[in-house]
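This is what each chain is made of:
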Amino acid sequence: RARLVASGGGSVQSGGSLRLSCVASRYSGRHCIAWFRQVPGKEREGVAAIIAEGWSTYYSPAVKGRFTISRDNAKNTVYLQMWSLKPEDTAMYYCATGGALWCTNWNVGREYSVWGQGTQVTVAS
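Residue numbers here run from 1 along each chain, matching the order of that chain's written sequence. Where totals are concerned, whole chains, interfaces and linings use all residues; where local detail is concerned, this predicted model gives features only for residues with pLDDT of at least 70, and gives and counts side-chain atom pairs only at 80 or more. Side-chain calculation: all heavy atoms of the structure are included, whereas hydrogens and water are not.

This part covers the pattern of salt bridges. Any two side chains of opposite charge can pair if their charged atoms end up close together. Here, a salt bridge means any side-chain nitrogen of Lys or Arg that lies within 4 Å of a carboxyl oxygen of Asp or Glu. In this structure the tally under the stated criterion is three salt bridges. In this structure, Asp89 and Arg37 form a salt bridge, with 2.9 Å as the shortest nitrogen-oxygen distance. With a gap of 52 residues between them, Asp89 in the loop between β8 (77-82) and β9 (91-97) and Arg37 in strand β4 (residues 32-38) connect regions that are remote in the sequence. Relative accessible area decides the class of each residue, using a 1.4 Å probe on protein chains only: under 20% of the type maximum gives buried, over 50% gives exposed, and in between gives partly exposed. For Asp89, a relative accessible area of 1% gives the class buried. The exposure class of Arg37 is buried, given its relative accessible area of 5%. A salt bridge links Arg66 to Asp89; its shortest N-O distance comes to 2.8 Å. Taken together, the residues Arg66 in the loop between β6 (57-59) and β7 (67-72) and Asp89 in the loop between β8 and β9 connect sequence positions 23 residues apart. Take Arg66 and Asp89: they sit in the same class, and that class is buried. Helix and strand labels come from DSSP, where a helix needs a run of H or I of at least four residues and a strand needs a run of E of at least two; each type is numbered from the N terminus.

See below:
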């Protein structure tokens, strides 16, 4: 069973950028690796996803054009590069894998069986 460690969060001003990293003990080729975010009192939201093998990527409308998901298979790491950050991007960000084969239903949290511990992103206005 894979284990995930997320990092890279922090506090930035509106318009700033951050890069999140998610290191896995291993990734399965068919599985999706996704980033979710959650604000207390709100539902978890799928942000972006990428297939472990292949190059298809997926984004929520809220971040498309501002965020880029990528991976480095040699390092078992998936990145979420975030540009033009807005205060509404403030949330705890989690990476997830272990499900959503070929990224079908990639933004549905219950599709994933393995979650990282989360990294906080705070964007000040």
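Okay, the nonpolar core next. In this structure, Tyr27, Trp35, Val47, Phe67, Leu80, Met82 and Tyr93 are the most contacted members of the largest nonpolar core, which totals 27 residues. Contributing elements (two or more residues each) for this core: β1 (4-7), β3 (18-24), β4, β5 (45-51), β7, β8, β9 and β11 (119-124). Among the elements that take part in this core, β3 stands out by supplying four residues, more than any other. The residues contacting Leu80, other than those within four sequence positions of it, are Leu18, Arg19, Leu20, Trp35, Val47, Ala48, Phe67, Thr68, Ile69 and Tyr93. Among buried residues, the Ala, Val, Leu, Ile, Met, Phe, Trp, Tyr and Cys ones that are joined through side-chain atoms within 4.5 Å form a nonpolar core. In terms of nonpolar packing, the next biggest core, distinct from the first, is built from ten residues, Phe36, Ile51, Ala96 and Ala100 among them. Residue contacts are counted whenever heavy atoms from the two residues lie within 4.5 Å of one another.

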